[in-house]
Amino acid sequence: MDEWKRFAWLYESRFLIHHVDDRVKVRRLPGEQVLPSCTAGHTQDDDCGIMLWGTFSWAVLGPVVVLEQTMKAVNYLNIITVQLHPYMAFVFPTGNGIFHQDNAPWHKARIVLEWFEDPTDEFHLMPCHLIRRILIRWSTFGMSLERQLRAQTPQCPNFSNLRDRCLDISYNLSPVMYQKLVESMPRRVAAVLKAKGGAMCY
């Protein structure tokens, strides 16, 4: 656990103004053409949303950044350039922290990897990607935020309201939540090794 407490984890989650499940429901009579008036559950506004970028470690939740456009390598580089060094220096003042990101395309972009190659005494980038099946923390964060967001009434009427609510929920997450995620890592790694890549339970 002492080793896992040295990690800072990245999470990225997308939230839409209207909750959709990527399925379009169609109601029509037999033989009737599929017209726009026959569809339900999806509108142009459904695609309006935000992406949250954030970090956390055993010790503390890091900064949360709202991205108003699609995440790309340039956006990602701008975020980590401003946010990552101060957070890692604060949480790991001796320079022994390890930052972990996943296999998203913008994480593997050349300009991003070159930035991480610059010498630094503040933290290290984990050189290899842990097996994704071990790391449910991104989806766990996203699901927790989504549940709390949808439980609120009234629903978010616009982009600005969605952004404010997501930030409010993010900064009020209980430390117990992310500490439990970190505590689960030895169990998850052991389950992966035991299963030898097959189905596992942890």
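Residues numbered from 1 in each chain as written. Predicted model: local features only at pLDDT ≥ 70, side-chain atom pairs only at ≥ 80, totals over all residues. Heavy atoms only, no water.

The name given to the protein in an unreviewed UniProt entry is Transposable element Tc1 transposase, with Araneus ventricosus as the source organism.

Asks: Sorry if this is basic, but what is going on with the pattern of salt bridges here?
Replies: When the charged atoms of two side chains with opposite charge come close together, those side chains can pair. Enumeration over the complete set of coordinates arrives at two salt bridges. Among the ionic pairs, Glu-3 bridges to Arg-6, the shortest N-O distance being 2.9 Å. The shortest N-O distance in the salt bridge between Arg-163 and Asp-164 comes to 3.5 Å. (Salt bridge = Lys/Arg side-chain N within 4 Å of Asp/Glu carboxyl O.)

Asks: Even after reading the chapter, I still don't get the nonpolar core, so can you show me in this structure?
Replies: Within the largest apolar cluster, 25 residues are counted, with the highest numbers of intra-cluster contacts made by Tyr-76, Ile-80 and Phe-99. Looking at this core, the elements that each hand over two or more residues are β1 (7-16), β4 (49-57), β5 (61-67), α1 (73-91) and α2 (110-117). Per-element accounting of this core gives the leading share, nine residues, to α1. Aside from chain neighbours lying at most four places away, what touches Tyr-76 is Leu-10, Glu-12, Trp-53, Met-71, Phe-99, Gln-101, Trp-106, His-107 and Val-112. (Core = buried A, V, L, I, M, F, W, Y, C linked by side-chain atoms within 4.5 Å. Buried < 20%, exposed > 50% of the residue type's maximum accessible area, 1.4 Å probe, protein only. Helix = DSSP H or I, 4+ residues; strand = E, 2+ residues; numbered from the N terminus. Contact = heavy atoms within 4.5 Å.)

Asks: Just to check I follow, could you spell out helix α5 (residues 175-183) for this structure?
Replies: Since the α-helix packs 3.6 residues into each turn, any two residues three or four apart lie on the same face. Taken together, the buried positions of α5 are Met-177, Tyr-178, Leu-181 and Val-182. Buried residues along α5 cover an arc of 130 degrees about the axis, so they all sit on one side. (Arc of directions from axis to C-beta.)

Asks: Even after reading the chapter, I still don't get the side chain of Thr-55, so can you show me in this structure?
Replies: Along the chain, the position of Thr-55 falls in strand β4. Sequence-distant contacts of Thr-55, defined by excluding residues within four places in its chain, comprise Trp-9, Tyr-11, Leu-61, Gly-62, Pro-63, Leu-84, Tyr-87 and Phe-99.

Asks: Looking at this model, I keep getting lost on the pairing of β5. Mind explaining?
Replies: In the case of a regular strand, side chains alternate between the two sheet surfaces. The element β5 is extensively covered by neighbouring structure, given that six of its seven residues are classed as buried. Pairing between β4 and β5: five bridges, direction antiparallel. Looking across to β5, one finds that Leu-52 is bridged to Val-66. With antiparallel pairing between neighbouring strands as the criterion, β4 and β5 make up a hairpin whose turn holds three residues. (Pairing = 2+ DSSP bridges.)

Asks: Looking at this structure, how should I read the packing of aromatic side chains?
Replies: Applying the stated criterion across every chain yields a total of eight aromatic pairs. Ring centres 6.0 Å apart and planes at 25 degrees place the aromatic pair Trp-4 and Trp-9 in the stacked group. Of the two residues examined, Trp-4 and Trp-9, each falls in the buried class. Measuring from ring centre to ring centre gives 5.0 Å for Trp-115 and Phe-116, while their planes differ by 80 degrees; the resulting arrangement is edge-to-face. Phe-116 matches Trp-115 in its accessibility class, with the two residues each being buried. Over the face of the ring belonging to Trp-58 we find Lys-5, whose NZ or CZ atom lies 4.3 Å from the ring centre. (Phe/Tyr/Trp six-rings, centres within 6.5 Å; stacked < 30°, edge-to-face > 60°. Lys NZ or Arg CZ within 6 Å of the ring centre and 35° of its normal.)

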